[in-house]
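Geometric and topological summary
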Amino acid sequence: MKLDVDVLRYLTKEDFRVLTAVEMGMRNHEIVPAELVERIAALKHGGTYKVMKNLLKHKLLHHDASKYDGFRLTYLGYDFLAIKTLVNRGVFAAVGRQLGVGKESDIFEVATEDGTVMAMKLHRLGRTSFRAVKSKRDYLKHRSSFNWLYLSRLAALREFSFMKALEEHGFPVPNAIDCNRHCVIMSLVPGYPLVQVKQLANPEVVFNTIIGLVVRLAEHGLIHCDFNEFNIMIDDDEKITMIDFPQMVSVSHRNAQMYFDRDVECVFKFFSKRFNMSFHECTADIDGTAVDTDDSGRPSFTSIAKDTGFLDKELSASGFTKKDQDEIAKFIEGGIKNDASSDDESIEDDEQTSVLNEADTMGVDSLHLVDQNDEQIELERNVRTCEAGPSSEPENDDGSTEDGDNETVNNDNDAELEKRLNKVRRRAVTAARGGRKTFASRNTYKDKGGKSSNSSKIQRHLSSW
Ligand code: ADP
Ligand code: MG
């Protein structure tokens, strides 16, 4: 997906105000009635329609007149809201070239004012192969509504939390820097995905390190579930970094054994094919510790002592509601069950399709409230006023309005809503800030973020906002 950040520089305050109004409206409406956008944005001199036309032109909004005249955010609109929030927070100041296209994400370089380059991952759930979408859709068909933006936001928060926790427990992962909406900022990993590497100086060492990681993850209570040559980065010194964690599951998951075995099998298959390795002589000793293996040298899930870190339990207590967890877990499971191996990653680009347009985009939750400024507080007030008063707003087919968690909001009860918003806010602060207590500590990113020598490649500077 093209991310033309040049457009960002030409967007006015009003443009962002209206874009934010649409986002807020999407908490209760799949398609936000144009009139409601106007009332939430409440531009001083009117002109919301003109602004919406401009946002449409830049593909930040999608117009839908099938039931009534309304709008929803596109992924690009969502990208811009996240990028602007992170730039305002001072996390980065410029967006550079695209680093990678994942199955369900786009990765870009971003840079701070002083030239520190980091990686920005924009989650794009819903953009995937027909096959995977079908399996996910099978799960989704019993739901009355579904929202890719909401799930992308959950996936990003999940990945950010996992990355942070894994880093704290000494796993070789990127440094988790910040997270907003569907966007995760992390340190730039040097090197390449293992899939691009044709030769290794020490294939046995690399192999044992990688299998050792799968085992150590299980000891800490987690299974990666997509552990393959696309999600392992390796640098010139053959140092390994693992990436891509939104789909991880706990070792207590009912299919844990199957996922573990599949991760192990992916590594065995790849090393056997690419580096002609045979495994009888390897793996008895991983990370200096003996690991029980079966006859073929594969580590055995049942004999791993899964009590080193209880990371799975720590994480489940870290800011996700049980409902969020279940939501994303079911969705992801629909995907991982069918992504039998890394073979799926070889799906050609032209086989990929964006299903965003057909997708229902109802109920975007509001994690961005972490960064609420005066304007957002004002817009929130407008949302409450608009949604609480007697309204002629179109409703869903069944006459109800819904929010992102599929609970009915009691619009008459401001106190209740306020309580909920505060809860979301607190949850987001805990999850997004993680162990980071003070704002000042963000400066330490500069020391961790990666090579500053790449800064000249960063063309599109956003500091003019
Ligand atoms: P997906 O979940 O869509 O598979 P990934 O997290 O695996 O996305 O990222 C896709 C690609 O982007 C990777 O294969 C890698 O080439 C690149 N990439 C991802 N994260 C980083 C990073 N922190 N530093 C450098 N490159 C990265
Ligand atoms: Mg990946």
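Notes on the structure follow. (Residues numbered from 1 in each chain as written. Chains lettered and ligands numbered in written order. Predicted model: local features only at pLDDT ≥ 70, side-chain atom pairs only at ≥ 80, totals over all residues. Heavy atoms only, no water.)

A tally of helices and strands in the chain yields 14 helices and 18 strands. A buried classification covers 58% of the 465 residues belonging to the chain. Residue pairs in contact within the chain that sit at least 24 positions apart in sequence constitute 75% of those at least 6 positions apart. In the structure as shown, the chain presents an accessible area of about 20,400 Å², 50% of it carried by carbon and sulfur atoms. (Helix = DSSP H or I, 4+ residues; strand = E, 2+ residues; numbered from the N terminus. Buried < 20%, exposed > 50% of the residue type's maximum accessible area, 1.4 Å probe, protein only. Contact = heavy atoms within 4.5 Å. Areas by Shrake-Rupley, 256 points an atom, 1.4 Å probe, with all protein chains shown as cover.)

Read across the open sheet, the three strands follow the order β1-β3-β2; overall the sheet is antiparallel. Lying at the two open borders of the sheet, with one neighbouring strand each, are β1 (32-33) and β2 (61-64). The sheet contact formed by β1 and strand β3 (residues 70-73) spans two bridges and is antiparallel. Across the sheet, residue Pro33 finds its bridge partner in β3, namely Gly70. (Pairing = 2+ DSSP bridges.)

This part takes up the pattern of salt bridges. Should the charged atoms of two oppositely charged side chains come close, the side chains can pair. Tallying each qualifying case throughout the model produces twelve salt bridges. Salt-bridge contacts for Arg27 lead to Glu380; the nearest nitrogen and oxygen are separated by 2.7 Å. Remark: Glu380 occurs in helix α12 (residues 374-388) and Arg27 occurs in the loop between α2 (13-25) and β1; sequence separation between them is 353 residues. The burial state of Arg27 is the same as that of Glu380; both residues are buried. Of the charged contacts, one joins Asp244 and Lys121 as a salt bridge, the two residues approaching to 3.0 Å between their closest N and O atoms. On the criterion of sequence distance, the pair formed by Asp244 in the loop between β13 (240-242) and β14 (249-250) and Lys121 in strand β6 (residues 117-123) is long-range, its members being 123 residues apart. Taken together, the salt bridges that share partners define one network made up of Arg17, Glu375 and Glu378. (Salt bridge = Lys/Arg side-chain N within 4 Å of Asp/Glu carboxyl O.)

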